[in-house]
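Structural overview
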Amino acid sequence: WLLTCTRPVQCVIRGMDRQDSEEAEQLILRRKGLTTLLIDVSRLRTLRILSASHNVLVDIGPVAQLPALEELNVNHNQLTDLSPVVQCKALRILLASNNHISEID
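These remarks concern the structure in this document.

What counts, and at which threshold
- Here, residues in each chain are numbered from 1, in the same order as that chain's written sequence.
- Local features in this predicted model are restricted to residues whose pLDDT is 70 or higher, and side-chain atom pairs enter the listing and the counts only when it is 80 or higher, whereas totals over whole chains, interfaces and linings include all residues.
- Hydrogens are left out, water is left out, and the side-chain values use all remaining heavy atoms of the structure.
- The way it works is that DSSP assigns letters per residue, a run of H or I at least four long becomes a helix, a run of E at least two long becomes a strand, and they are numbered from the N terminus.
- We call two residues contacting when some pair of their heavy atoms lies within 4.5 Å.
- Under the convention used here, a 1.4 Å probe and the Shrake-Rupley method define accessible areas, while residue burial counts only the protein chains that appear.
- Think of it this way: DSSP has to see at least two bridges between two strands before they count as a pair.
- Interaxial angle, 0 to 180 degrees, is taken between N-to-C directions of lines fitted to C-alpha atoms, where a helix line uses only the stretch in contact.
- To define a nonpolar core, start from buried Ala, Val, Leu, Ile, Met, Phe, Trp, Tyr and Cys residues and group those joined through side-chain atoms within 4.5 Å.
- Relative accessibility thresholds used throughout: buried, under 20% of the residue-type maximum; exposed, over 50%; partly exposed, between the two (1.4 Å probe, protein chains only).
- Just to be clear on terms, a salt bridge is a Lys or Arg side-chain nitrogen sitting within 4 Å of an Asp or Glu carboxyl oxygen.

Here we come to the overall build of the chain. Along the backbone of the chain there are 1 helix and 6 strands. Along the chain, from the amino end to the carboxyl end, the secondary structure elements read β-β-α-β-β-β-β. The contacts of the chain with a sequence gap of at least 6 include a subset with a gap of at least 24, amounting to 18%. Carbon and sulfur atoms make up 49% of the accessible area of the chain, which amounts to about 6,200 Å² in all.

With that out of the way, let us pick up the sheet that holds strand 5 (residues 71-73). The parallel open sheet is built from 4 strands, whose spatial order is 3-4-5-6. Two strands bound the open sheet, and with one partner strand each, they are strand 3 (26-28) and strand 6 (93-95). Within the sheet, the average angular offset between the axes of one strand and its neighbour, ignoring direction, is 0°. Examined bridge by bridge, strand 5 and strand 6 share 3 bridges and lie parallel to one another. Bridged to Leu72 within strand 6 is Leu94.

Moving on, we come to the nonpolar core. Formed by 22 residues in total, the largest nonpolar core has its most connected members in Leu37, Leu50, Ile60 and Val63. When residues no more than four places from it in sequence are discounted, the contact partners of Val63 are Leu37, Leu50, Leu69, Leu72, Pro84, Val85 and Cys88.

Turning next to the pattern of salt bridges. This structure, assessed with the given rule, holds 3 salt bridges. The closest approach of N and O atoms between Glu70 and Arg92, which form a salt bridge, is 3.1 Å. Of this pair, Glu70 sits in the loop between strand 4 (49-51) and strand 5 while Arg92 sits in the loop between strand 5 and strand 6; the two residues are 22 residues apart in sequence, bridging distant segments of the chain. One salt-bridge network, held together by shared partners, links Glu25, Arg48, Glu70 and Arg92.

For the rest of this paragraph, the subject is the environment of Arg48. The residue Arg48 is located in the loop between strand 3 and strand 4 in this model. Put simply, Arg48 and Leu69 are 21 residues apart on the chain and 4.1 Å apart in space, counted from C-alpha to C-alpha.

Below is the structure:
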């Protein structure tokens, strides 16, 4: 599969048919200039690992809809809120250093 970014915030997974995307377990979006995660989470129900470090993310809302997510790497972004990860019941590893998080509830 090939991930291409046509603009800094629009990424498309090419070469991935519906069945393949429904079985994907890992997605790497490092250094893509992303400000938000524009991913079709309905197609990534089995995603276990998401790495989106070294972007300019300000929102990670879509991760709340990834029930199988076990590992999330959002190091080196512009995040101020990590609350969407509370919905990720399978999450075991969260890497979120070098962001703008002031408190964690």
